[in-house]
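This is what each chain is made of:
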Amino acid sequence: MSTSFAGEIATELIKELLNVVRMTYLCRPTAEQLKRSVDSLLPIVQEISLSGVELPQHRQNQLSELADNLRLALELARKAAASPRWNVYRSMQLARKMERIDNWITRWIERQIPAHVLADVHHIRADYAARFDRIERTLDITAASVMARGPVALGTAPFSMFPEMMKGFVPLAAPAKAPIAMGSPPPSSGFPMPEMMEGLMPSEEAAKVPVAMEKSQSSGFPVSEMMEGLILAGEGMKPVGVGIRFGKEKVKEMLMDGFDRVAVVGISGIGGSGKTTLAREICKDPEIRSYFKDRIYFETLSQSQNLESLKLKLWEQISGNMVLGAYNQIPQWQVELGTRDKGPFLLVLDDVWSASELEELVFRVPGCKILVVSRFKFPSIVKNTYEIESLGEEDALSLFCHAAFEQKYIPSTFDKKLVKQVVDECKGLPLALKVIGASLRDQPPKLWLRAKNKLARGESICESHENKLLERMASSIEFLSGKVRECFLDLGSFPEDKRIPLDVLINMWMELHDLDEEDAFAILVELSNKNLLTLLKDAQNRAGDIYSSYTELSVTQHDLLRDLALHVNSQETLTSRRRLIMPRKENELPKEWDRVKDQQLEAQIVSINTGEMKESDWFQMHFPKAEVLILNFSADAYFLPPFLSIMPNLKTLILINYGASCTTLQNLSVFTSLSNLRSLWLEKIAVPPLPKTTVPLQNLRKVSLVLCELTNSLRGSKVDLSLTLPRLSHLTIDHCIDVTKLPSAICDINSLECLSISNCHDLSELPCEFGKLNSLKILRVYACPALKRLPHSICLLKGLKYLDISQSFNLRELPEELGYMTSLEKFDMRECSQLKTLPRSSSSLKSLGHVICDEDIALLWKEAERDIPDLHIQVAEESFNLDWLVE
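Small disclaimer: the values here were computed from a predicted structure and weren't measured. Along every chain, residues carry numbers that run from 1 in the direction the sequence is written. Local features in this predicted model are restricted to residues whose pLDDT is 70 or higher, and side-chain atom pairs enter the listing and the counts only when it is 80 or higher, whereas totals over whole chains, interfaces and linings include all residues. Only hydrogens and water are set aside when side-chain values are computed; all heavy atoms of the structure are taken into account.

1. Details of the overall build of the protein
Then, number 1: Scanning the protein from N- to C-terminus turns up 28 helices and 26 strands.
Then, number 2: For the protein, with 887 residues in total, the buried portion stands at 49%.
Then, number 3: Entry remark: accessible area of the protein is about 43,100 Å², with carbon and sulfur atoms responsible for 51%. By the criteria applied, helices consist of DSSP H or I runs no shorter than four residues and strands consist of E runs no shorter than two, each listed in order from the N terminus. Relative accessible area decides the class of each residue, using a 1.4 Å probe on protein chains only: under 20% of the type maximum gives buried, over 50% gives exposed, and in between gives partly exposed. Each accessible area is a Shrake-Rupley estimate made with a 1.4 Å probe; only the visible protein chains count as cover when residues are assessed.

2. A few points about the environment of Arg562
Then, number 1: Its location among the elements puts Arg562 in helix α23 (residues 559-569).
Then, number 2: Residues Arg562 and Glu496, 66 residues apart in the sequence, show an inter-C-alpha distance of 7.5 Å.

3. Digging into the sheet that holds strand β9 (residues 534-535)
Then, number 1: DSSP-based pairing: two strands are paired if at least 2 bridges between them are found. Sheet architecture is open: 3 strands sit in the order β8-β10-β9, paired in antiparallel fashion. The open sheet terminates on both sides in strands that have one partner only, identified here as β8 (500-501) and β9.
Then, number 2: Here 2 bridges tie β8 to strand β10 (residues 554-556), and the two strands are oriented antiparallel to one another. Looking at the pairing, Ile500 lines up with Val555 of β10.

4. Things to note about the sheet that holds strand β14 (residues 637-639)
Then, number 1: What the 3 strands build is an open sheet, ordered β14-β16-β18; its pairing is parallel. In the strand order of this sheet, the two ends are held by β14 and β18 (685-686), each with one partner.
Then, number 2: Relative to strand β16 (residues 663-666), β14 runs parallel, the two sharing 3 bridges. Across the sheet, Tyr638 pairs through a bridge with Leu665, a residue of β16.

5. As for the pattern of salt bridges
Then, number 1: One side-chain nitrogen of Lys or Arg within 4 Å of one carboxyl oxygen of Asp or Glu is enough to make a salt bridge. Using the criterion set out here, one finds 19 salt bridges in the structure.
Then, number 2: In this structure, the salt-bridge partner of Arg289 is Asp294, at a minimum N-O distance of 3.3 Å.
Then, number 3: Close ionic contact of Asp594 with Lys597 constitutes a salt bridge, the shortest N to O distance being 3.3 Å.
Then, number 4: Accessibility expressed as a relative area gives 34% for Asp594, which makes it partly exposed.
Then, number 5: Ionic contacts of the salt-bridge type, sharing partners, join the residues Lys248, Glu249, Lys252, Asp285 and Glu287 into one network.

6. Let's talk about the packing of aromatic side chains
Then, number 1: Stacked, tilted and edge-to-face are the three classes assigned to paired rings of Phe, Tyr and Trp, where Trp is represented by its six-membered ring and a pair needs centres within 6.5 Å; plane angles under 30 degrees give stacked, over 60 edge-to-face, the rest tilted. Counted according to the given criterion, the structure contains 12 aromatic pairs.
Then, number 2: Relative to Trp448, the ring of Phe400 lies with its centre 5.9 Å away and its plane at 80°, an arrangement referred to as edge-to-face. Pair noted here: Phe400 is in helix α14 (residues 393-405) and Trp448 is in helix α17 (residues 445-457), with a separation of 48 residues, a long-range link.
Then, number 3: Phe400 gets classed as buried once you look at its relative accessible area, which sits at 0%.
Then, number 4: Members of the aromatic cluster, connected to one another through ring pairs, are Trp618, Phe623, Phe633, Tyr638 and Phe643.

7. Describing the packing of helix α20 (residues 502-513) against helix α21 (residues 517-529)
Then, number 1: Throughout, an axis means a line fitted to C-alpha atoms (over the contacting stretch in the case of helices), and angles, computed between N-to-C directions, take values from 0 to 180 degrees. The contact between α20 and α21 brings their axes to 9 Å, and the two run at 120°. In the crossing of α20 with α21, the sense of the turn from one axis to the other is right-handed. The residues of α21 that touch α20, namely those facing Leu502, Leu505, Ile506, Trp509 and Met510, are Glu517, Ala520, Phe521, Ile523, Leu524 and Leu527.
Then, number 2: Three classes are used: nonpolar for Ala, Val, Leu, Ile, Met, Phe, Trp, Tyr, Cys and Pro, charged for Asp, Glu, Lys and Arg, and polar for all others, with Gly counted as polar. For the contact of α20 with α21, a count of residues per class yields 10 nonpolar, no polar and 1 charged. Left-handed describes a crossing whose near helix is turned anticlockwise from the far helix through less than a right angle; right-handed describes the clockwise counterpart. Any pair of residues with heavy atoms lying within 4.5 Å of one another is described as a contacting pair.

8. Brief notes about the pairing of strand β21 (residues 754-758)
Then, number 1: Burial of β21 is extensive: 5 of the 5 residues sit out of reach of the surface.
Then, number 2: Judged by which residues are buried, β21 turns out to be covered on both faces: Cys754, Ser756 and Ser758 on one side and Leu755 and Ile757 on the other are all buried.
Then, number 3: With 5 bridges connecting them, strand β20 (residues 730-734) and β21 associate as parallel partners. Paired with Thr732 across the strands is Ser756, a residue of β21.
Then, number 4: The sheet contact formed by β21 and strand β22 (residues 778-782) spans 5 bridges and is parallel. Across the sheet, Leu755 pairs through a bridge with Leu779, a residue of β22.

9. Focus: helix α11 (residues 307-319)
Then, number 1: Under the 1.5 Å per step criterion, the end-to-end length of α11 is 18 Å for 13 residues, consistent within 8% with the ideal 18 Å.
Then, number 2: Buried within α11 are the following residues: Leu307, Leu310, Lys311, Leu312, Leu314, Trp315, Ile318 and Ser319. To estimate the expected span of a helix, subtract one from its residue number and multiply by 1.5 Å.

10. A closer look at helix α27 (residues 855-864)
Then, number 1: Ile857, Ala858, Trp861 and Ala864 are the residues of α27 that are buried. For α27, the arc enclosing every buried residue in end-on projection is 110°, short of the 170-degree limit, so these residues lie on one face. Seen from the buried face of α27, the exposed residues on the opposite side, beyond 90 degrees, are Glu855, Asp856 and Leu859.
Then, number 2: Buried residues along α27 sit in contact with β24 (826-828), β25 (850-853) and β26 (872-875). The arc refers to the directions leading from the helix axis to the C-beta atoms.

11. What to know about the environment of Ala520
Then, number 1: You can see Ala520 is positioned in helix α21.
Then, number 2: With 12 residues separating them along the chain, Ala520 and Met508 place their C-alpha atoms 9.4 Å apart.
Then, number 3: Setting aside anything within four residues of it in sequence, one finds Ala520 in contact with Ile506, Trp509, Met510 and Leu515.

12. A look at the state of the cysteines
Then, number 1: Here, the term disulfide refers to a pair of cysteine sulfur atoms separated by no more than 2.5 Å. Under the criterion given, the structure shown has 0 disulfides.
Then, number 2: Cysteine Cys662 is unpaired, with the sulfur of Cys708 as its nearest cysteine sulfur at 6.1 Å.

13. A look at the packing of helix α19 (residues 482-490) against α21
Then, number 1: In contact at an axis separation of 10 Å, α19 and α21 are set at 75° when each is read in the N-to-C sense. Compared by their axis directions, α19 and α21 come out roughly perpendicular. Taking contact as the criterion, the partners of Lys483, Val484, Cys487 and Phe488 in α19 are, on α21, Ile523, Glu526 and Leu527.
Then, number 2: Here the contact of α19 with α21 is built from residues that sort into 5 nonpolar, no polar and 2 charged. We call two directions roughly parallel when the angle between them is under 35 degrees, roughly antiparallel when it is over 145, roughly perpendicular when it lies between 65 and 115, and oblique otherwise.

What follows is the structure, given as structure tokens:
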């Protein structure tokens, strides 16, 4: 229950806040105040959780919200306790966020607790009045039936059930009559049971009193009717997902079976069977959290994993110590000592593919329990494995109906037999039920019948179970319209278990399928609604605004859905495939590619996934129709493929480095041949300085630099960017932490319409020539805490429609000439805590329709409302998102 979860978090939070008070200076006052708030709240939460009564849904939602915010407070407290004292900015940021949560908790107590008390009083009175009515009515009926059959002694059937009925009831006052001995005949006064029940009410103490009962005999009496009114809310109700609950208890039992030895237990099942869902439920279980004292680490592996860096990362998390060098250099005695004082811990390894990689990741230290989640079994390593079975008929139907009809049951207007036939063909696999159900939502009966027939034909004796599933699920994408289906198949081009940047995806679809941005976003939402991809960080709402940035948003896809896309793509011959994809990371290009290297390939998308590549690792290939090239790699140095120079139609180039540090690119001369390149995405790349002889990229319109090192590229550059990039309209610089100031050469790009600079924490100034960007319509400079002022020339941007300076914590003032930006329509200035005034010219922003700001600055904008008729002032909601701590 939410209350139990909230109580545990609150208790742990108080302990952690004490550490903050002792160890930090800047966070101390806020931590002390937050501790006082939680101290006052904890007894209330614990009392509710110990009551054993399930609350109504709306009250559970309120308590769930409380639990979520307590969890966020706990995370902040832990970060504050671990934060180095020298990091003043980080401590101040943590203190501000803790203060917001404290204010939220205070308001929650003031508003919700009185309402909860009044509701409890009302429910207690109504509940017990109803219960006593039922008990009295039931006992009257039973007594009459008993008298009709003759006297029956207590202790025999049906009255062997009476002590159980009486459990939990004690007298309000001492009874005036002598007690009746169990097993003696009933009184001769017509068995006045209702009188015996007078003055009784439930008591927790009474439940502890043992009552001897004889074994009940079959009597034909309606025991369920006798018990009516005695069952508490939530008891006796049919559980949902019995298989998952049973599996959860089995795995919990294996995990909590002592710490005297290293234990590795497993969850096994085919793709889409709910393995990861079960593992996550186990991690959230209060008993497991308490048993391991919240020391639970969840890591998703993939078929292309850098094991050394992963081992090092996991060990640093588990031990709490930084490691210089490789993991295999740590002595075993130090490994064992590093965890001994910290207590037991649980490590969950999800999506494990091979026994050799699992062997590498088993930490043989005391107190370590490892939960392995995989499609395969590893009997030599994992001694106890729980194998997930498919859902039962009723649970499968319920899940399918939720996806197809958004309710738990088949609508009365639908052909129940047909629906059940489709459900049967899904073979109880949760993912298949969700995807196929969603694909048939709002479809006519003929298409349901067609789907059922196609699913049935997908069976083949020679195919594995998983291939059968892929054949069944292939029918679900046949209901997609042409371009939506193609966009789904494009998702297979990205590596397994990696987040796909939303900006990359939308831009790729726009170039490949001739879509407007709005149409590409609509396809994204449709695929999400059909359970064919997962939007992260509330991406649908955050990206739906007209001026939204996709930079920090991403999507993921279940392994089996990616396998489905690869399965459909592979139905054509290698040379005629529209998408040529390396399914997993390999050290070299596939041998089957080498066999066709002299032929022309029809692929429009080429996706390569490797480690470090040298010149000798490549062979020449011919892609005359390729429009998108995706290079995924993990390397410190990477030689660009020579065949880049003979890809005349290439429009989108995506380079993503998954290594630990930025990579150095070699063979940069291939860029001179990319005359049709329109979009370039570089992630975790050390961008080299541009030489003066750089050939203009005439058609390049969009450049995104994410997690890149730019210092060498920007320092002392003499290149005229307006000539090198004559049509560049969108420039994004995100999480490039070495950027301290932008070069003035950027201001020469007259074609620039959108400039987005985000999460560059050392960026302290913008070039004073900013006003030269005459075409600029969107300017984002957010999450740049070192920025203290905006250049005055920014006010010359007469065409600017959207300005975002949010989370610029040290920005102290706005240019006095701000009112000159007469085209400005939306202004986001939330979390600019140092801003205390607005320029007088603000009232001249006649086109301004929407301002997002904090509560204090909103009062100042209220004064300007008189002069700006259509202005809407939105006070930003307090955000407790902790993604920035994780990332």
